[in-house]
Amino acid sequence: MSALDREVLALMRDVSERIIMPRHRALEATEIIEKADDDLVTIADREAEVALAEGLAKLHPEAAIVGEESVHADPAVMDRLSGTCWIIDPIDGTSNFASGKGHFGIMVALAENGFAQAGWIYDPERDRLCAAHLGQGATIDGEQVLARPSGANPPHLAAMTKFMAPAQRKRFETEIAPNYTLVQPPGAACEQYPLTVLGEHDVAIYERTLPWDHAAGNLFLNEAGGTCLRLDGTPYRVDDGRRGMIGAANRELFDQLIARLAAAGYQPAA
């Protein structure tokens, strides 16, 4: 691990041990708030973001802070994404965390000029750190990792269909899904990206691509030798506000799905 990896991991562990895990399966009803339809926040999310922001600011004081909950409170915080900034998802998979079922984790990225330069995905239940640095590869718990396909035929496809518009969903179900073995998305990008790298899922289609959900994971998958790009083949920027992205264990799987989406006339929702 790099020195920065060790420092970020120590911070994530501390926040997990003090704030997140004591609330796991122990939340009061009043500690779970619905920000919008199917979009929850808990007291643990809010307290964890504050603690992470304070710790990260000490590691790189010049970097602005863009946290999921701070953006919810003030959308103008998104304007910081084009500069040097820390991007924080204090609990990715909040619905899983709130229900006490499924995977959740902390996601942090350091971005500059719209692109992630480093990213960290911490699973507090496994005490597992997935890390990546631009141009330096990806690691899990300090060991280099390379993305690999499952070898399944048809390939395994995870699709977050709940974020698709009705017309998109219909095209997906009738023209795309029959070419794949559909696998259940874990409901958390912090788990979806490692599943794609580790040969469980071959390809994933994302509709909503918010920076706190995808900055770290996109970099992790690409640095592991997979392919994670927009539907038009362009790189993911944290500051462009676009929708639609494919993450695949290799370029061939990416190209196959892109060709099928194009033939079906599938386009990201506006």
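Below or above, wherever it landed, is the structure these notes cover. Because the structure is predicted, anything quoted here is derived from the model rather than measured. (Residues numbered from 1 in each chain as written. Predicted model: local features only at pLDDT ≥ 70, side-chain atom pairs only at ≥ 80, totals over all residues. Heavy atoms only, no water.)

**A closer look at the sheet that holds strand E10 (residues 156–159)**
To keep things clear, this is the line we draw: Note on pairing: DSSP must find at least two bridges between two strands before they are called paired. The helix and strand labels rest on DSSP assignments: H or I over at least four residues marks a helix, E over at least two residues marks a strand, and numbering proceeds from the N terminus. Note on contacts: a residue pair qualifies if any of its non-hydrogen atoms lie within 4.5 Å across the two residues. Fitting a line to C-alpha atoms yields each axis, with helices limited to the stretch in contact; the angle taken between N-to-C directions then spans 0 to 180 degrees.
The strand order E11-E10-E12-E14-E13 describes an open sheet built from five strands, whose pairing is mixed. Every other strand in the sheet has two partners, leaving strand E11 (181–182) and strand E13 (227–229) as the edge strands with one partner each. Across four bridges, strand E12 (residues 203–206) lies against strand E14 (residues 245–248) in antiparallel orientation. Across the sheet, Val203 pairs through a bridge with Ala248, a residue of E14. The sheet strands contacting helix H8 (residues 251–263) are E10, E12, E13 and E14, and the helix crosses E14 at an angle near 145 degrees.

**Observations concerning the packing of helix H6 (residues 189–197) against helix H7 (residues 211–223)**
Relative placement of two packed helices is described by the angle separating their axes and the distance separating the axes. To be explicit about the condition: Angles below 35 degrees are treated as roughly parallel, those above 145 as roughly antiparallel, those between 65 and 115 as roughly perpendicular, and all remaining angles as oblique. In this count, Pro and Cys sit with the nonpolar residues alongside Ala, Val, Leu, Ile, Met, Phe, Trp and Tyr, while Asp, Glu, Lys and Arg are called charged and the others, Gly among them, polar.
As a packed pair, H6 and H7 sit with axes 9 Å apart at the nearest point and diverge in direction by 10 degrees. Here H6 is positioned roughly parallel relative to H7, judged by the angle of their axes. Between H6 and H7, the contacting residues are Ala189, Tyr193, Pro194, Thr196 and Val197 on the first element and Asp213, His214, Gly217, Asn218, Phe220 and Leu221 on the second. Split by residue class, the contact of H6 with H7 holds six nonpolar, four polar and one charged.

**Here we look at the pattern of salt bridges**
Formally: For this document, the term salt bridge refers to a Lys or Arg side-chain nitrogen within 4 Å of an Asp or Glu carboxyl oxygen. Each residue is assigned to one of three classes by its accessible area relative to the maximum for its type, calculated with a 1.4 Å probe on protein chains only: buried under 20%, partly exposed between the two thresholds, exposed over 50%.
The final tally for this structure, using the stated rule, is 14 salt bridges. When the shortest N-O distance is used, the salt bridge between Glu191 and Arg128 registers 3.5 Å. Of this pair, Glu191 sits in helix H6 while Arg128 sits in strand E7 (residues 128–133), and the two are 63 residues apart along the sequence. Take Glu191: its relative accessible area is 5%, and that puts it in the buried class. We classify Arg128 as buried; its relative accessible area is 12%.

**Structural notes on the packing of aromatic side chains**
Where we set the bar: Stacked, tilted and edge-to-face pairs are distinguished by plane angle, under 30 degrees for stacked and over 60 for edge-to-face with tilted covering the rest, among Phe, Tyr and Trp rings (Trp via its six-membered ring) whose centres lie within 6.5 Å.
Scanning the model with the defined rule gives three aromatic pairs in all. For the pair Trp86 and Trp120, a centre-to-centre distance of 6.0 Å together with 40 degrees between the ring planes defines the contact as tilted. Here the residue Trp86 occupies a position in strand E4 (residues 85–92), and Trp120 occupies one in strand E6 (residues 115–123), the gap between them amounting to 34 residues. You'll find Trp86 and Trp120 in the same group, each marked buried.

**A short note on the sheet that holds E7**
Read across the sheet, seven strands follow the order E3-E4-E5-E6-E7-E8-E9 without closing on themselves; strand pairing throughout is mixed. Edge strands, defined here as strands with exactly one partner in the open sheet, are strand E3 (64–67) and strand E9 (143–144). As paired elements, E4 and strand E5 (residues 105–112) share six bridges and run antiparallel to each other. Residue pairing across strands places Trp86 opposite Leu110, the latter belonging to E5.

**Some remarks on the nonpolar core**
Quick reminder of the rule: Only buried residues count toward a nonpolar core, which is a set of Ala, Val, Leu, Ile, Met, Phe, Trp, Tyr and Cys residues joined through side-chain atoms within 4.5 Å.
Counting residues in hydrophobic clusters, the biggest one holds 38 residues, and the most contacted among them are Val66, Ile87, Ile121, Tyr193, Val197, Phe220 and Val238. Of all the secondary structure elements, the ones that give two or more residues to this core are E4, E5, E6, E7, strand E8 (137–140), H6, E12 and H7. For Ile121, the residues in contact, after removing those within four places along its chain, are Ile106, Met107, Arg128, Leu129, Cys130, Cys190, Ala216, Gly217 and Phe220.

**Regarding unusual backbone geometry**
Asn153 connects to Pro154 through a cis peptide bond whose omega is 5 degrees. By the secondary structure assignment, Pro154 is in the loop between E9 and E10. Positive phi is not limited to glycine here, since Asn113 has a value of about 55 degrees. Topologically, Asn113 is positioned in the loop between E5 and E6. Within the chain, Asp141 stands out as a residue other than glycine whose phi angle is a positive 50 degrees. Structurally, the position occupied by Asp141 is in the loop between E8 and E9.

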